[in-house]
Amino acid sequence: MVERVFKTDRVPHTYVTFTWKLPCVWSGMCILECILSGIMSVNGKKVLHMDRNSYYGGESASITPLEDLFKRFKFAEGPPETMGRGREWNVDLIPKFLMANGQLVKMLLYTEVTRYLDFKVVEGSYVYKAGKIHKVPSTETEALASDLMGMFEKRRFRKFLVFVVSFDEHEPKTHQGIEPRKTTMREVYKKFDLGQDIIDFTGHALALYRTDDYLDQPCLDAINRIKLYSESLARYSKSPYLYPLYGLGELPQGFARLSAIYGGTYMLNKPVDEIVFEKGRVVGVKSEGEIARCKQLICDPSYAPKLVKKVGKVIRVICVLSHPIRSTNECNSCQIIIPQTQVNRKSDIYVCMMSYAHNVAAEGKYIAIVSTTVETSNPQKEIQPALDLLEPIDKSFVSISDLYQPTDEGRASQIFISRSYDATTHFETTCDDIKNIYKRMTGTDFDFENMKRKQNDVFGDDA
């Protein structure tokens, strides 16, 4: 019965209340916490999942109808008729794409949440150079055809890609004299005589680093990141990214359905008045005069403000468009990365776009979201290079959020707090946080290699 009800539930504000159970794990309902609760449910934990909001997803929710987005950003007027029906819109507050061969997809396969979700491949991956957008080359053929590089640079980049694709950490013959845990990535680039422009898009658009700090670190992580990008791209050819139909709000709903099947309980519109401790250890959550007792607690920073510290800010601008982004081959969805050095910054600027093709906007409409880490006292000026790429913009919604990270690892208190969502438009950093919390909770690594479920391709030909 539960599975049948959940399969027909496509509306984010609709939910099912189950019989109260004494939980072992409790958390807020951001995507990260929902994924963790789903994993814990599959692993046999009793889960009570509470949220003060009336919708799934918390700060990472998908907002529908469109009228609610206008209200959330305090616009006096509602959306114009030219934007279509409000129920046609599902707008992510914190948009992120899934790497096709990445960590989140593996988690979805492990938990079998994919039975509740439908995905489409993102149509393009681009990088910004000298004021223009260029397709990101990640295969030998694309590298040779790319206008990002000159003829001789293309040959050198091709040799570098061949090296990366054939690289095997456990097979020294593939290392070409490089020591993966000692040689820095800066030295690897020098070995292949790669110029600064190639280094920029390789490090930021392929390896997806947010800053250049990685250059002086051992090269193994960077090589594996580039391999992941290439393998993900090879899976569906258009780009390495996937995005769920109806928006990211489908992810927490999917994990809620999964958790319910394994005996978990979800409660929306449930205020959290107090986290209860005894002798420095969490023992429950107080809500409306009742205490739900637990052995472990997972939550986002907003539920435990005294146990987190502010580490920065991020600006996001949601832009409604009536056209695809210029120079993207009329893509209905894409990602654009503006490397830091191209705009004299310390961190990258990200643009992700989805559209009616993903059932998140009215017919003929597009949603482009710009995000970056705030570095100055004028955040909106920082993202202007990205906004210039989107013109004309029908409507924009600006948010500036604080970034927090926990000051307590939770090993003694047994309260495990996630990090705030960063400016990136992919889930790899979020999955790193999930694995970190999992290890702190269980004392063991989240090991994909030893998962019980086989990783079949469940996304289908049209993923």
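Everything below is about the structure shown above.
Figured I'd write up the structure that's included with this text. (Residues numbered from 1 in each chain as written. Predicted model: local features only at pLDDT ≥ 70, side-chain atom pairs only at ≥ 80, totals over all residues. Heavy atoms only, no water.)

## A closer look at the overall build of the chain
Applicable threshold: A run of DSSP states H or I qualifies as a helix once it reaches four residues; a run of E qualifies as a strand once it reaches two. Both are numbered from the N-terminal end. Think of it in three bands: residues with accessible area under 20% of the maximum for their type are buried, residues over 50% are exposed, and the middle band is partly exposed, with areas taken using a 1.4 Å probe on protein chains only. Every residue pair with non-hydrogen atoms within 4.5 Å of one another is taken to be in contact. Only the protein chains shown count as cover for residues, and the accessible areas themselves come from Shrake-Rupley with a 1.4 Å probe.
When its secondary structure is counted, the chain shows 13 helices and 20 strands. Looking at the chain residue by residue over its 463 residues, the buried ones come to 57%. The long-range fraction of contacts in the chain, counting pairs at least 24 apart against all pairs at least 6 apart in sequence, stands at 72%. Accessible surface for the chain amounts to roughly 20000 Å². Of this, 47% is attributable to carbon and sulfur atoms.

## Brief notes about the side chain of threonine 64
Summarising the element assignment, threonine 64 is placed in the loop between strand S3 (62-63) and helix H3 (66-72). With relative accessibility at 2%, the residue threonine 64 sits in the buried group.

## Considerations on the packing of aromatic side chains
By convention here, two paired aromatic rings are described through the distance between centres and the angle between planes. Applicable threshold: Stacked, edge-to-face and tilted labels apply to pairs of Phe, Tyr and Trp rings (six-membered ring for Trp) whose centres lie within 6.5 Å, assigned for plane angles under 30 degrees, over 60, and everything in between, in that order. Counting as a charge over the ring demands two things of the Lys NZ or Arg CZ atom: a distance within 6 Å of the ring centre and an angle within 35 degrees of the ring normal.
Counted according to the given criterion, the structure contains 17 aromatic pairs. Centroid distance phenylalanine 75 to phenylalanine 397: 5.3 Å. Interplanar angle 85 degrees. Geometry classified as edge-to-face. Here phenylalanine 75, found in the loop between H3 and strand S4 (91-92), pairs with phenylalanine 397, found in strand S19 (residues 395-406); they are 322 residues apart in sequence, far enough to count as distant. Exposure remark for phenylalanine 75: the relative accessible area of 26% places this residue in the partly exposed category. Across from the ring centre of tyrosine 303, 3.8 Å away, lies the NZ or CZ of arginine 52, which sits over that ring. For the cation-ring pair, arginine 225 lies above tyrosine 209, with the distance from its terminal atom to the ring centre recorded as 4.0 Å.

## What to know about the sheet that holds strand S13 (residues 290-293)
Test applied: When DSSP finds two or more bridges between a pair of strands, those strands are recorded as paired. As a rule, the C-alpha atoms of each element are fitted with a line to give its axis, helices using only the stretch in contact, and angles between N-to-C directions run from 0 to 180 degrees.
The strand order across the open sheet formed by three strands is S11-S12-S13, and the pairing between neighbours is antiparallel. The open sheet is flanked by strand S11 (274-278) and S13, the only strands paired with a single partner. In this sheet, neighbouring strand axes are inclined to one another by 35 degrees on average, regardless of whether the strands run parallel or antiparallel. In the sheet, strand S12 (residues 281-287) pairs with S13 via four bridges, with the strands oriented antiparallel. Residue pairing across strands places valine 285 opposite alanine 292, the latter belonging to S13.

## Quick look at the packing of helix H6 (residues 151-166) against helix H9 (residues 220-236)
Heads up, the condition is: Oblique is the label for any angle not covered by the other classes, which are roughly parallel (under 35 degrees), roughly antiparallel (over 145) and roughly perpendicular (65 to 115). For this scheme, ten residues count as nonpolar: Ala, Val, Leu, Ile, Met, Phe, Trp, Tyr, Cys and Pro. Four count as charged, namely Asp, Glu, Lys and Arg, and the remainder, Gly too, count as polar.
The contact between H6 and H9 brings their axes to 9 Å, and the two run at 90 degrees. Relative to H9, the element H6 is oriented roughly perpendicular. Where H6 approaches H9, its residues Phe160, Phe163, Val164 and Val165 are matched on the opposing element by Ile223, Ile226, Lys227 and Ser230. Residues that form the contact of H6 with H9 fall into these classes: six nonpolar, one polar and one charged.

## Notes on the packing of helix H4 (residues 103-111) against helix H13 (residues 428-442)
Running from amino to carboxyl end, H4 crosses H13 at an angle of 55 degrees, the nearest separation of the two axes being 8 Å. The orientation of H4 with respect to H13, classified from their angle, is oblique. Within the contact between the two elements, H4 uses Gln103, Leu104 and Met107 and H13 uses Glu428, Cys431, Asp432, Ile434 and Lys435. Residues of the contact of H4 with H13, tallied by class, amount to four nonpolar, one polar and three charged.

## Remarks on the pattern of salt bridges
Defined as follows: Salt bridges, as used here, are contacts in which a Lys or Arg side-chain nitrogen is within 4 Å of a carboxyl oxygen on Asp or Glu.
Tallied over the entire structure, the rule returns 20 salt bridges. For arginine 225, the salt bridge is made with aspartate 221, and the minimal N-O distance between the two is 3.0 Å. With arginine 225 and aspartate 221 both in helix H9 and four residues apart, the pair spans about one turn of that helix. Note on arginine 225: relative accessible area 25%, which makes it partly exposed.

## Examining the sheet that holds strand S5 (residues 98-99)
Pairing is antiparallel in the open sheet, where three strands are placed in the order S5-S9-S6. The open sheet terminates on both sides in strands that have one partner only, identified here as S5 and strand S6 (119-121). Note: S6 against strand S9 (residues 241-244), three bridges, orientation antiparallel. Across the sheet, the residue bridging to valine 121 is leucine 242, located in S9.

## Quick notes on the side chain of threonine 174
Threshold: Polar contact is the term for a pair of N or O atoms within 3.5 Å; when the atoms are in protein, one must be able to donate a hydrogen and the other to accept it, and sequence-neighboring residues count only if both atoms are side-chain atoms.
Note that threonine 174 resides in the loop between H6 and helix H7 (185-191). On the basis of relative accessible area, threonine 174 is assigned to the buried category, the value being 17%. For threonine 174, the side chain forms a polar contact with the main-chain oxygen of glutamate 171, separated by 2.8 Å. Contacts of threonine 174, omitting those with residues within four sequence positions, involve Phe163, Ser166, Phe167 and Asp168.

## Concerning the pairing of strand S2 (residues 47-50)
Residues Val47 and His49 point to one face of S2 and Leu48 and Met50 to the other, with burial holding for every one of them. With three bridges connecting them, S2 and strand S10 (residues 265-267) associate as parallel partners. Bridging across to S10, methionine 50 finds its partner in methionine 267.

## Focus on H13
Let me state the cut-off plainly: Helix span, as expected, comes to 1.5 Å for every residue beyond the first.
For H13, with 15 residues, the first-to-last C-alpha span of 21 Å sits near the 21 Å given by 1.5 Å per residue. The first or second residue beyond H13 is glycine 443, which carries a positive phi of 85 degrees.

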